[in-house]
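Secondary and tertiary structure notes
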Amino acid sequence: MSVHPDIRRGIRDVIPVLVPVVPFALVLGLAIAEAPFSNLVGWLGSSLIFGGSAQLTVVTLSAEGAGLAAIIAAGLVVQTRHFMYSAAFAPVFSDQPKWFRWLGPYLLIDQAFALTSLRIDDSPASFRRYYLTVGLSFWVVWQATVALGLIVGPVVPEEWSLDFAVPLLFVGLLIAAIDSRPSLVAAVVAGAITWVTLGIPNRLGIIVGALAGVAGGVIASRR
Amino acid sequence: MTLTVLALVATVVVGIGTYFMRSSFIHVFADREFSPVVRQALRYVAPSVMAALVVSLGVGGSAEVGIPEVSALVVGGVVGWRARSLPSVLVAGMVTLWVLRALI
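Read on for a plain summary of the structure. (Residues numbered from 1 in each chain as written. Chains lettered and ligands numbered in written order. Predicted model: local features only at pLDDT ≥ 70, side-chain atom pairs only at ≥ 80, totals over all residues. Heavy atoms only, no water.)

Right, let's get into the overall build of chain B. The secondary structure content of chain B amounts to 5 helices and 0 strands. Along chain B, helices (α) and strands (β) appear in the sequence α-α-α-α-α when read from the amino end. Relative to its length of 104 residues, chain B is extended, with a C-alpha radius of gyration of 19 Å against a globular reference of 13 Å. In terms of overall dimensions, chain B has a C-alpha envelope of 60 × 40 × 20 Å along the principal axes. Counting over 104 residues, chain B shows a buried share of 42%. Of the roughly 5,400 Å² of accessible surface on chain B, a fraction of 69% belongs to carbon and sulfur atoms. (Helix = DSSP H or I, 4+ residues; strand = E, 2+ residues; numbered from the N terminus. Rg over C-alpha atoms; globule rule 2.2 N^0.38 Å. Buried < 20%, exposed > 50% of the residue type's maximum accessible area, 1.4 Å probe, protein only. Areas by Shrake-Rupley, 256 points an atom, 1.4 Å probe, with all protein chains shown as cover.)

Okay, here's the thing in structure tokens:
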């Protein structure tokens, strides 16, 4: 049995993208294992949300005693970039069958968008095979690796302080998001306003700070 | 509400919200486009919310923060800034933490 060239190409392209995600998924699994709530609920987020930053945000804020409104708001704000992916793919998906128009968006993660947006000129069938190969292989590896982190995390000796990898991961995500001067302004404003509003209960200061940061970024980009 | 129920509710709502965002323009707002201001604002969401999370979890968190921890975060951040890769942040930060804790 031979593998379809679109599938083969999808697997070849997804592997280099998957490798850097492995430590992220392991740390996320570890954060779930450390959190004082059901591991199963934490792990379910990998499939219910299927987005690492948002899942890490929900897990960490829940464990740190944030209020429900703040957790949900922060988790959703983290995800807003997906509106952009959706808008970019709307014309591409209009040529696709109905089942794919429903399943496809579920798999529309950052990495899938980055890889498949290079294939939008392929035939609809070819695009679909490539997209599903990338999205589904990512999905399977993601679920398994988060579970692995959940199992391995607690076994690792306490002295290794692996739980410190969680704040490091947030710093890494912050650094990755700063790619221009206005985005640096956004980060500084958001950090400062969050600091000032630490006294607001249930960690709602995160939302106040994030909104101020977005405003700061927009203003900075107009100068 | 127990912590497990809280986490479950948050996960389900964020999951539904995420699917809605990913499918929004494919299903609901097909044929519509973003105004330039919204498009611009979306670009600054990631740096803003990540900075807010780092401050809120770092300063207002339950963990004890000393010299090794702060140094590890700074080294991880600087290395990540140069290398532009997430695994390098983790490796640099953890190694810094281990070395400093062993020395201090």
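Now that the structure is up, let's keep going.
What follows deals with the interface of chain B and chain A. Across the boundary between the two partners, chain B contributes 65 residues, which contact 83 residues of chain A. Between chain B and chain A lies a buried interface of about 6,600 Å² when both sides are counted; carbon and sulfur atoms form 79% of it. Considering only the side of chain B, the residues that lose the most area to chain A are B:Met21, B:Arg22 and B:Ile26, jointly responsible for 12% of the buried surface there. Summed over the shared surface of chain B and chain A, the number is 0 salt bridges. Taken together, the elements giving at least two residues each to the side of chain B that touches chain A come down to α1 (3-27), α2 (36-43), α3 (45-59), α4 (67-83) and α5 (86-103) of chain B. The leading source of residues in the side of chain B that touches chain A is α1(B), at 23 residues. (Contact = heavy atoms within 4.5 Å. Buried area = accessible area lost by both parts, 1.4 Å probe. Salt bridge = Lys/Arg side-chain N within 4 Å of Asp/Glu carboxyl O.)

With that settled, consider the nonpolar core. Grouped together as the largest cluster of nonpolar side chains are 76 residues, with contacts concentrated most on A:Leu61, A:Phe89, A:Phe93, A:Tyr131, A:Phe138, A:Trp142 and B:Leu53. For this core, the element with the highest residue contribution is helix α9 (residues 124-152) of chain A, accounting for 9 residues. When neighbours within four sequence positions are excluded, A:Phe93 is seen to be in contact with A:Phe100, A:Arg101, A:Gly104, A:Pro105, A:Phe127, A:Tyr131 and B:Ile26. Membership of the second largest hydrophobic core comes to 11 residues, among which are A:Val218, B:Met21, B:Tyr44 and B:Val45. (Core = buried A, V, L, I, M, F, W, Y, C linked by side-chain atoms within 4.5 Å.)

All names here are of chain A. Scanning all chains against the criterion turns up 15 aromatic pairs over all chains. Relative to phenylalanine 127, the ring of phenylalanine 93 has its centre 6.4 Å away and its plane inclined at 80 degrees; by these criteria the two rings are edge-to-face. Pair noted here: phenylalanine 93 is in helix α6 (residues 82-93) and phenylalanine 127 is in helix α9, with a separation of 34 residues, a long-range link. With a relative accessible area of 1%, phenylalanine 127 lands in the buried category. Through successive ring pairs, a cluster of aromatic residues spans Tyr85, Phe89, Phe93, Trp99, Phe100, Phe113, Phe127 and Tyr131. (Phe/Tyr/Trp six-rings, centres within 6.5 Å; stacked < 30°, edge-to-face > 60°.)

Phi is positive for A:Phe50, which is not a glycine, with a value near 50 degrees. Its location among the elements puts A:Phe50 in the loop between α3 (39-48) and α4 (52-63). Taking the relative accessible area as the measure of exposure, A:Phe50 reaches 2% and is therefore buried. The residue B:Arg84 is not glycine, and still its phi comes out positive at about 55 degrees.

Moving on to helix α5 (residues 68-79) of chain A. Relative to the 16 Å expected for 12 residues at 1.5 Å per residue, α5(A) spans 17 Å between its end C-alpha atoms, a close match to the ideal helical length. Along α5(A), the residues classified as buried are A:Ala70, A:Ile71, A:Ile72, A:Ala74, A:Gly75, A:Val78 and A:Gln79. Buried-residue contacts for α5(A) involve α4, α6 and α12 (205-221) of chain A together with α1 and α3 of chain B. (Expected span 1.5 Å × (residues − 1).)

All right, on to the pattern of salt bridges then. Residues and elements named next belong to chain A. Within the structure shown, the criterion is met by 7 salt bridges over all chains. We note a salt bridge from glutamate 64 to arginine 203, for which the minimum N-O separation is 3.6 Å. With glutamate 64 in the loop between α4 and α5 and arginine 203 in the loop between α11 (181-196) and α12, the pair connects residues that are 139 residues apart, well separated along the chain. The residue aspartate 110 makes a salt bridge to arginine 81 at a minimum N-O spacing of 2.6 Å. Here the residue aspartate 110 occupies a position in helix α8 (residues 110-116), and arginine 81 occupies one in the loop between α5 and α6, the gap between them amounting to 29 residues. With relative accessibility at 27%, the residue aspartate 110 sits in the partly exposed group.

All names here are of chain A. Packing of α11 against α12 leaves a shortest axis separation of 7 Å and a crossing angle of 150 degrees. Considering their axes alone, α11 and α12 lie roughly antiparallel with respect to each other. As for how α11 packs across α12, the hand of that crossing is right-handed. Residues Arg181, Pro182, Val185, Ala186, Val189, Ala190, Ile193 and Thr194 of α11 form the contact with α12, whose participating residues are Gly205, Ile206, Val208, Gly209, Ala210, Ala212, Gly213, Gly216, Gly217, Ala220 and Ser221. Of the residues in the contact of α11 with α12, the class split is 11 nonpolar, 7 polar and 1 charged. (Axes fitted to C-alpha atoms, helices over the stretch in contact; angles between N-to-C directions. Parallel < 35°, antiparallel > 145°, perpendicular 65-115°, else oblique. Left-handed = near helix turned anticlockwise from the far one by under 90°. Nonpolar A, V, L, I, M, F, W, Y, C, P; charged D, E, K, R; others polar.)

Relative to the elements of secondary structure, B:Ser48 occurs in helix α3. A distance of 2.6 Å separates a polar side-chain atom of B:Ser48 from the backbone oxygen of B:Tyr44. If we ignore the near neighbours within four places in the chain, the residues touching B:Ser48 are A:Ala186, A:Ala190, A:Ala210, A:Gly213 and A:Val214. (Polar contact = N/O pair within 3.5 Å; in protein donor to acceptor, adjacent residues only side chain to side chain.)

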